[in-house]
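Take a look at the letters that make up each chain.
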Amino acid sequence: MAILVLGGAGYIGSHTVYELIATGHDVVVADNLTTGFRAAVHPKARFYQLDARDHAALSDLFAKEKIEGVIHFAAYSQVGESMSNPLKYYDNNLYGATVLLQAMQEHDVKNIVFSSTAAVYGEPERMPILEDDPTKPTNCYGETKLAMEKMMYWASQANGLHYVALRYFNACGAHPSGQIGEAHNPETHLIPLILQVPNGQRQKIAIYGDNYPTPDGTCIRDYIHVSDLAQAHILALDYLLRGGENNVFNLGNGVGFSVRQVIDTARQTTGHAIPAEIAPKRAGDPAQLVASSAKAQQVLGWQPEYTNLADIVETAWQWHRTHPNGYEK
Ligand code: UFG
């Protein structure tokens, strides 16, 4: 029996495929390669280029492969773009999930681990954030992910689907082998943008706002290594295959770092001065987002390995230093 990873050519998907293969799983990857890269797919995974909205192609795949569980990453994930083009997000994220769940139902595949986000919480009321805290997304991306969680809930009530939704905080870092890493176009995430400065691709890093109600005035986030996220998917899948009930888990380190602290860490890692300048706030950025991952630790037995920000930034730097243009030659 194989595991189907939809979106397995993307950032978190490709790292999860590497961990699945390292732990002896048979892996099938499906990706439309709109934002993912063929080169990011592990050579031992069987690859299908298809779109999650293509019912016929998905049905063919389920008919051909014996799939015991699905890990679903395939979605658009840029907060800013989701605000200017919300229908693009509804179409890909929600319609894609609808077609996937229909095809799973038709082929009697019951287990799905789903890639959700801290963006489902919106502006949090308390810190650290717990899974049953209110979900009030402040952007369309988070809204589509929350709607996908709810779609799985109702499908589970009606037809026995088993699901786990994993709400990631700030995914970062790269595979320790240096073979795969983060590659977005355009890049919007803090750590890869900072590392473009020592890589000679950017003069300075912009700090989006320095008058937030935080100790140094800049936003605080919970940075979690992509390999630790990958491990959590495998644990969640094992949990479902053992008969675990439907569940939702936060995934973060439980420690917040400010934008300034992340820049300082990158300065130490790279030995570069990395000039920074204050820029206007980015719309919709909460001051602080820190996870409680106690539930994932207790129920799944998940324990992040990369608990030190410098180690996380080091893996990111190894990747970006050696792949300044990502997967492009
Ligand atoms: N930031 C800067 N300068 C930059 C880029 C980012 O100061 O050039 C700041 C942002 O304002 C934010 C922090 O760095 O305070 C982190 O920003 P990222 O864009 O790296 O990440 P976000 O916290 O905005 O987004 C992440 C995920 C989203 C998810 C969101 C949940 O990437 O998918 O967390 O709130 F929706």
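Provided above is the structure to which this section pertains.
Residues numbered from 1 in each chain as written. Predicted model: local features only at pLDDT ≥ 70, side-chain atom pairs only at ≥ 80, totals over all residues. Heavy atoms only, no water.

1. Structural notes on the site of the ligand
Looking at the ligand, there are 21 residues lining it, with Leu190, Ala206, Arg221, Arg282 and Asp285 nearest. Thr188 is positioned with one of its backbone polar atoms (N or O) 3.3 Å from an oxygen atom of the ligand. Asp285 places a side-chain nitrogen or oxygen 2.6 Å from an oxygen atom of the ligand. Bound to the protein, the ligand loses 91% of the 690 Å² it would expose on its own. Listed by contribution, the elements that provide at least two residues to the shell around the ligand are helix 6 (190-195) and strand 8 (205-208). With 4 residues, strand 8 is the largest single contributor of residues to the shell around the ligand. Each residue belonging to the shell around the ligand can be placed in one class, and the counts come to 13 nonpolar, 5 polar and 3 charged. (Near = heavy atom within 4 Å. Polar contact = N/O pair within 3.5 Å; in protein donor to acceptor, adjacent residues only side chain to side chain. Areas by Shrake-Rupley, 256 points an atom, 1.4 Å probe, with all protein chains shown as cover. Helix = DSSP H or I, 4+ residues; strand = E, 2+ residues; numbered from the N terminus. Nonpolar A, V, L, I, M, F, W, Y, C, P; charged D, E, K, R; others polar.)

2. Side note on the sheet that holds strand 12 (residues 257-258)
In any sheet, the strands associate via hydrogen bonds between backbone groups, in a parallel or an antiparallel arrangement. Strands sit in the order 12-9-14 across an open sheet of 3 strands; the sheet is mixed. Edge positions in the sheet fall to strand 12 and strand 14 (288-289), since each of these pairs with one other strand and no more. Note that strand 9 (residues 220-221) and strand 14 share 2 bridges and pair parallel. What sits directly across from Arg221, in strand 14, is Leu289. (Pairing = 2+ DSSP bridges.)

3. Here we look at the sheet that holds strand 1 (residues 2-6)
In space, the 7 strands of this open sheet follow the order 3-2-1-4-5-6-11, with parallel pairing throughout. Of all the strands in the sheet, the pair left with one neighbour each is strand 3 (46-49) and strand 11 (247-251). Averaged over all neighbouring strand pairs, the angle between strand axes comes to 20°, with direction disregarded. Where strand 2 (residues 26-31) meets strand 3, 4 bridges bridge the pair, whose relative direction is parallel. The residue of strand 3 that forms the bridge with Ala30 is Tyr48. In this fold helix 2 (residues 55-64) packs onto strand 1, strand 2, strand 3 and strand 4 (67-72), with an angle of close to 140° to the strand it touches most, strand 4. (Axes fitted to C-alpha atoms, helices over the stretch in contact; angles between N-to-C directions. Contact = heavy atoms within 4.5 Å.)

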